[in-house]
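Residue-level structural notes
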Amino acid sequence: MHELSIVSSIVESVIETLGAYPGAKVKEVRLRVGALASVVEDSLQFCYELATDGTALEGSKLVVKILPVVAHCDACDRNVEIESLQSFRCPRCGQPVSDLRQGKELEIESIEIDEVEEKV
Amino acid sequence: MTTRIVELRRGILKKNDELAAGLRGRFEAAGVLVLNLVSSPGTGKTAFLERTLRELRASGAKAAALVGDLETDNDAKRLAASGAPVRQINTHGICHLEAEMVSKHLDGWDLADLDYLFIENVGNLVCPSSYDLGEKVRVALLSVTEGEDKPLKYPTLFNSADAAVITKMDIAEPCEFNRAAAVKNINEIRPGIRIFETSAKTGAGMAEWLGYLAEEREARRV
C-alpha cells in the first residue's frame, strides 16, 4: 500500500508543471503503468481523490494505462509479450526470458488542462 | 478557456530514482558492495544477516548494515552484537525504505572503509520492489515456512531480484517444504537467478552465499 505516496508524487509533479500555466485547471492526468510496477489501479484511484482534494487537481480524472510485460526472446530474436506474470517464458517457443523491455513503467504521460485565455 | 494537453513523460518516482542513482555512484566510487534484502515479515532476514555479518567479520571483511522497520530498534541491537556498525531506520508507518532514508543514515560512515553494506528492507513483498535504494544486488528471501508458491504470488518482487535466498532450511522437513517446487517457481519468475539454500541456525549454505558475495565484490572492481 504505497499508492498514497505514489499519488502524492503525482500531485507534486503536476502542480510543478502547472507553474507554466497560471490559472489553469486540470481535467485529466494520464499515467503509464507497467504490469510489474507493483501498483493497484483501484488503490491509485482511491488515493487520488484524497490527495487531490483542495489542490488544482481537484475533480480531475486519473486515467491509468496498464502496459503489458514485454521481453526479448533470444531464441526467437524478437520482443514478445509475456502473457502470465507466473511464468516468464516466451509464448512462441517456451524459452525462459529475463531481458525485460517493458513492464516496470510508472510515469505520468500527459495532463489535460483548461487554460485561461490570455487577456489582451 | 482552451484545452491543452501537456506531455510530461515523467517518472513518478523520479526523485527517488535520481537520489538512488546518486547513491549508486557514491557506493561505486567507495568500492563498497551494497545489497538490498527484501522479504515478507518473519522470513528471517535479520537472523540471516546476523550470521552473514558474523561470518564476514570472522573472515576479515568489513561490513555494515542499515535495517528498516516501522518501529523499534530491536533488529539493530541484534545485528550490532556481531560487532558490525549498524543503524536502524524507523519509517514510522511507511511500508518500504526510500533512497532518501538510506542517504540520511549514512552520515559519518566512511564508505571507502567498508567492503559490504547490507540494507535490510521493511518486511513487505510488494512496496519495496518499486524503490531503488542504489543497491548493486537485490536479494529476495523466502523461508521454508512460507509456501513454495510465494514467488508466483509476488512476481513483481521476485522478478526484480538479482539473487534469491531460501532460509530456515534446517526445518524444511517438518514443514514438508518442497524444495524442487520452490526452486522451479523462483526460476519461472526470474529465469537463471542464483538461489542459495541456507540455515542461519546450522550455517548450511552460508559458504556458497559468502562465496557469491566475494565474487560480486570482485566483479565490481574490474
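Quantities reported herein were computed from a predicted structural model and do not represent experimental measurements.

Quick look at the overall build of chain B now. Scanning chain B from terminus to terminus reveals eight helices and eight strands. Computed over its C-alpha atoms, the radius of gyration of chain B comes to 18 Å, within 12% of the 17 Å expected for a compact globule of 222 residues. Taking the principal axes of the C-alpha coordinates as reference, chain B spans close to 70 × 40 × 40 Å. Within chain B, buried positions represent 48% of all 222 residues.

Residues and elements named next belong to chain B. Here we have seven strands laid out as an open sheet, ordered E4-E3-E5-E2-E6-E7-E8, and parallel in their pairing. Unpaired on one side and paired on the other, strand E4 (86–90) and strand E8 (194–197) mark the two borders of the sheet. On average, each strand axis in the sheet is inclined to that of its neighbour by 20°, with strand direction left out of account.

Residue and element names in this part refer to chain A. Ordered in space as E4-E3-E5, the three strands form an open sheet in which the pairing is antiparallel. Edge strands, defined here as strands with exactly one partner in the open sheet, are strand E4 (78–81) and strand E5 (99–102). Taken pair by pair, the neighbouring strands of this sheet meet at an average axis angle of 40°, ignoring direction. As defined by bridge partners, strand E3 (residues 70–73) adjoins E4 across four bridges and the pair is classed as antiparallel. Within E4, the residue paired with Cys73 across the bridge is Arg78.

The next point concerns the domain arrangement of chain A. The extent of an interface is frequently quoted as the accessible surface area lost upon association of the parts. All names here are of chain A. Domain assignment breaks chain A into domain 1 (1–67 + 103–120) and domain 2 (69–101). Each of domain 1 and domain 2 was reduced to a C-alpha centroid, and the two centroids are 31 Å apart. A breakdown of the residues in the side of domain 1 that touches domain 2 according to their chemical character gives two nonpolar, two polar and no charged.

With that settled, the discussion passes to helix H1 (residues 3–18) of chain A. Between its terminal C-alpha atoms H1(A) stretches 22 Å, which fits the 22 Å expected from 16 residues at 1.5 Å a residue. Residues A:Glu3, A:Ser5, A:Ile6, A:Val7, A:Ser9, A:Ile10, A:Ser13 and A:Val14 constitute the buried set of H1(A). Residues of H1(A) that are buried in the fold lie against strand E1 (25–34), helix H2 (41–52) and strand E6 (106–115) of chain A together with strand E1 (2–11) and helix H1 (14–30) of chain B.

A few words now on unusual backbone geometry. Positive phi outside glycine occurs at A:Ser38, with the angle close to 65°. Tracing the backbone shows A:Ser38 in the loop between E1 and H2. Judged by local crowding, A:Ser38 falls into the buried class, with 25 C-beta atoms found within 10 Å. We note that B:Glu176 has phi near 50°; this positive angle belongs to a residue other than glycine. Topologically, B:Glu176 is positioned in the loop between strand E7 (163–167) and helix H7 (179–189). When the 8 C-beta atoms within 10 Å are taken as the criterion, B:Glu176 is described as exposed.

About the criteria used
Residues numbered from 1 in each chain as written. Chains lettered and ligands numbered in written order. Predicted model: local features only at pLDDT ≥ 70, side-chain atom pairs only at ≥ 80, totals over all residues. Helix = DSSP H or I, 4+ residues; strand = E, 2+ residues; numbered from the N terminus. Rg over C-alpha atoms; globule rule 2.2 N^0.38 Å. Buried ≥ 20, exposed ≤ 12 C-beta atoms within 10 Å, placed from the backbone. Pairing = 2+ DSSP bridges. Axes fitted to C-alpha atoms, helices over the stretch in contact; angles between N-to-C directions. Domains from an automatic or database assignment. Nonpolar A, V, L, I, M, F, W, Y, C, P; charged D, E, K, R; others polar. Expected span 1.5 Å × (residues − 1). Contact = placed C-beta atoms within 7 Å.

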